[in-house]
There are 2 protein chains.
Amino acid sequence: MLISELSARTGVSVATLKFYLREGLLMPGTTLSATRSDYDEEHVRRVGVARALTDVVGLSVQQAREIFRLFGAPRAELFESLGLAMAQLPPAGAPEADDYPRARAVLEHLGWLYDPRYAAVPQLEQALTAAESAGLPLSDARLDVYAPGIRSIAEYDVAQVPDDPERAIEYSVLGTALYEPVLVALRRLAHQDVAAARLGGPST
Amino acid sequence: MLISELSARTGVSVATLKFYLREGLLMPGTTLSATRSDYDEEHVRRVGVARALTDVVGLSVQQAREIFRLFGAPRAELFESLGLAMAQLPPAGAPEADDYPRARAVLEHLGWLYDPRYAAVPQLEQALTAAESAGLPLSDARLDVYAPGIRSIAEYDVAQVPDDPERAIEYSVLGTALYEPVLVALRRLAHQDVAAARLGGPST
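Residues numbered from 1 in each chain as written. Chains lettered and ligands numbered in written order. Predicted model: local features only at pLDDT ≥ 70, side-chain atom pairs only at ≥ 80, totals over all residues. Heavy atoms only, no water.

1. A closer look at empty space enclosed by the protein
So the rule is basically this: Cavities and pockets are found on a 1 Å grid laid over the protein atoms alone: a cavity is a set of points where a 1.4 Å probe fits but cannot escape, a pocket is an open set with protein on both sides within 12 Å along at least five of seven lines, and a lining residue has an atom within 4 Å of such a point. Grid points are joined across faces, edges and corners, and a volume is the space filled by probe spheres set on the points. Numbering of helices and strands starts at the N terminus; helices are DSSP runs of H or I of at least 4 residues and strands are runs of E of at least 2.
Applying the stated criterion across every chain, the model contains three cavities of 30 Å³ or more. Its volume calculated, the largest cavity comes out at about 90 Å³. Taken together, A:Ile150, A:Glu180, A:Leu183, A:Val184, A:Arg187, B:Ile150, B:Glu180, B:Leu183, B:Val184 and B:Arg187 form the lining of the largest cavity. Looking at the lining of the largest cavity, the elements with two or more residues in it are α9 (165–199) of chain A together with α9 (165–199) of chain B.

2. Quick notes on the layout of surface pockets
How we decide: Under the scheme applied here, ten amino acids are nonpolar (Ala, Val, Leu, Ile, Met, Phe, Trp, Tyr, Cys and Pro), four are charged (Asp, Glu, Lys and Arg), and all others, including Gly, are polar.
Put simply, the largest pocket is a space of about 1100 Å³. Every residue lining the largest pocket is counted, 31 residues in all, and those nearest its centre are A:Val184, B:Pro91, B:Glu180, B:Pro181 and B:Val184. Contributions of two or more residues to the lining of the largest pocket are made by α7 (120–133) and α9 of chain A together with α7 (120–133) and α9 of chain B. Residues of the lining of the largest pocket, tallied by class, amount to 23 nonpolar, four polar and four charged. Of the pockets and cavities examined, the second largest pocket occupies roughly 540 Å³. Every residue lining the second largest pocket is counted, 30 residues in all, and those nearest its centre are A:Gln192, B:Phe79, B:Leu82, B:Gly83 and B:Tyr118. Among the elements of the structure, α9 of chain A together with α5 (78–86), α8 (140–159) and α9 of chain B are those that each provide at least two residues to the lining of the second largest pocket. With seven residues, the single largest contributor to the lining of the second largest pocket is α5(B). Within the lining of the second largest pocket, the residues separate by chemical class into 15 nonpolar, six polar and nine charged.

3. Comments concerning the pattern of salt bridges
Close approach of charged atoms allows side chains with opposite charge to pair. Condition: Salt bridges are counted wherever a side-chain nitrogen of Lys or Arg sits within 4 Å of a carboxyl oxygen of Asp or Glu.
Applying the stated criterion across every chain, the model contains 33 salt bridges over all chains. One salt bridge connects B:Glu180 with A:Arg188, and the closest N-O pair in it is separated by 2.7 Å. Highlighted residues: B:Glu180 in helix α9 and A:Arg188 in helix α9, drawn from two different chains. The residue B:Glu155 makes a salt bridge to B:Arg151 at a minimum N-O spacing of 3.1 Å. Here the residue B:Glu155 and the residue B:Arg151 both occupy positions in helix α8, the gap between them amounting to four residues, near one helical turn. Through salt bridges with shared partners, a single network forms among A:Glu42, A:Arg45, A:Arg167 and A:Glu170.

4. Concerning the confidence of the model for chain A
All names here are of chain A. Inclusion rule: On a range of 0 to 100, pLDDT expresses the predictor's confidence in each residue.
Here chain A averages 91 in pLDDT, and 98% of its residues register 70 or above. By mean pLDDT, the top-scoring element of chain A is helix α6 (residues 101–110) (97), and the lowest-scoring one is helix α5 (residues 78–86) (88). Confidence estimates for the predicted assembly give a pTM of 0.89 and an ipTM of 0.90.

5. Overview of the packing of α9(A) against α5(B)
Keep this limit in mind: Angles run from 0 to 180 degrees between N-to-C directions of axes, and those axes are lines fitted to C-alpha atoms, restricted for helices to the stretch in contact. Any angle from 65 to 115 degrees is called roughly perpendicular, while one under 35 is roughly parallel, one over 145 is roughly antiparallel, and all others are oblique. Should the near helix be turned anticlockwise from the far one by less than a right angle, the crossing is left-handed, and should it be turned clockwise, the crossing is right-handed. Any two residues whose heavy atoms approach within 4.5 Å are treated as being in contact.
Their axes nearest at 10 Å, the elements α9(A) and α5(B) cross at an angle of 165 degrees. Here α5(B) runs roughly antiparallel to α9(A), going by the angle between their axes. Once α9(A) is placed against α5(B), the crossing between them reads as right-handed. Along its contact with α9(A), which presents A:Arg188, A:Gln192, A:Ala195, A:Ala196 and A:Leu199, the element α5(B) presents B:Leu78, B:Phe79, B:Leu82 and B:Met86. Residues that form the contact of α9(A) with α5(B) fall into these classes: seven nonpolar, one polar and one charged.

6. What to know about the relation of the copies chain A and chain B
Note the cut-off: Least-squares superposition of the copies uses the C-alpha atoms of those residues scoring a pLDDT of at least 70 in each of them.
For these two chains of identical sequence, chain A goes onto chain B by a turn of 180 degrees and a shift of 0.0 Å along the axis, with RMSD 0.0 Å. Classification of the inter-copy transformation places it as that of a two-fold axis. Minimal C-alpha distance to the rotation axis in chain A is attained by A:Gly149, lying at 2.0 Å. The fraction of interface residues of chain A whose copies in chain B are also interface residues reaches 99%, indicating that both copies meet through the same surface.

7. Comments concerning the interface of chain A and chain B
In many reports, interface size means the accessible area that the parts give up when they come together. Note the cut-off: When two components associate, each loses some accessible surface as probed by a 1.4 Å sphere; the sum of these losses over both components is called the buried area. Polar contact criterion, stated in full: a pair of N or O atoms within 3.5 Å, where within protein one must be able to donate a hydrogen and the other to accept it, and residues adjacent in sequence count only if both atoms are side-chain atoms.
Opposite the 81 residues of chain A that make contact, chain B presents 80 residues. Taking both partners together, chain A and chain B bury about 7700 Å²; carbon and sulfur atoms supply 70% of that area. As a salt-bridge pair, B:Asp157 and A:Arg142 come within 2.7 Å of each other at their nearest N and O atoms. Counting the contacts that link chain A with chain B gives 36 residue pairs in polar contact (both at pLDDT 80 or more). Elements with a contribution of two residues or more to the side of chain A that touches chain B: α3 (41–56), α5, α6, α7, α8 (140–159) and α9 of chain A. The dominant element in the side of chain A that touches chain B, judged by the number of residues it contributes, is α9(A), at 25 residues. Each residue belonging to the side of chain A that touches chain B can be placed in one class, and the counts come to 55 nonpolar, 14 polar and 12 charged.

Written as structure tokens, this is what we have:
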């Protein structure tokens, strides 16, 4: 299909598609003439993912490009590439260190992998430090409730990841970023539902 | 204690304490003379909460003041006041509407309270819309895994809320805001732990 049809199919303007091409978020089509190229279904999918990463997840073009670069990783490097792709996701700005003692203590308590190079480790350290400095440190009792609830969710998530390495990274990055706000909103709504019963709010 | 001692106890500068007093985040002390006031343990606590809301949670002074205003709500209005306090928390910017069809369908499916005036409802609608537009709409199968995991966490959260209405609002707002980043980081770490087993990453 021509770029005009790719635009019609994806709902993304030709100007934005040309921007994606220039910035390396969309791979070139097959050249038909000096001014015309042919695009296929793979381009339609890629435009959808590029738009999701930039518009919905809010990544910079540079972060999205880094994720697309990792799509080509061979299967043997999939685990490491996944970690690098995830590191592009917000929140940014967690301090870098060789060791993250609060996060390490939590992960050792749970028996989960502790790899300080994985971006979620400094993020957990930062969240634990913030809770502590606000006078509400995470207790072991709370952790022992949170961890199994979250782990059951994560096990389902990982089971849904496609086998194809390229699709696996795409799915993992989008699924992590898109379903986090769903989970956060669901927790607040569960709070409300539970509190309504306890405090006599409006009934369902 | 004098303001200098309140500063030493809380680690917050006298200039910031005066700012809190001026902006209504900290209640006045007992006047001792034209230039000196006496502060007590309640002030120490309030400074800690004010700092957590502004520095850690990232609220504006106006949002923090609105939450403090709700601390005085009578017990009969606690459920409603809790909802108003929660509405000050990020994320902001979810569109206002009379009805949120995607969020309503999810809450009806779960049998949870649906109250479109509660801020988490438009937040859920926005998250569901984003996932849909990125080509990963939330399936019922996924919802049926996410909801019980999140609900077990929320039930624990609500059980920890103190009985005193003032403390209840403070605890609920801080606990909601501070433990969300912990849960998000834990989910990413659970992903990594589960994926390491599946993909042959580094072992624990």
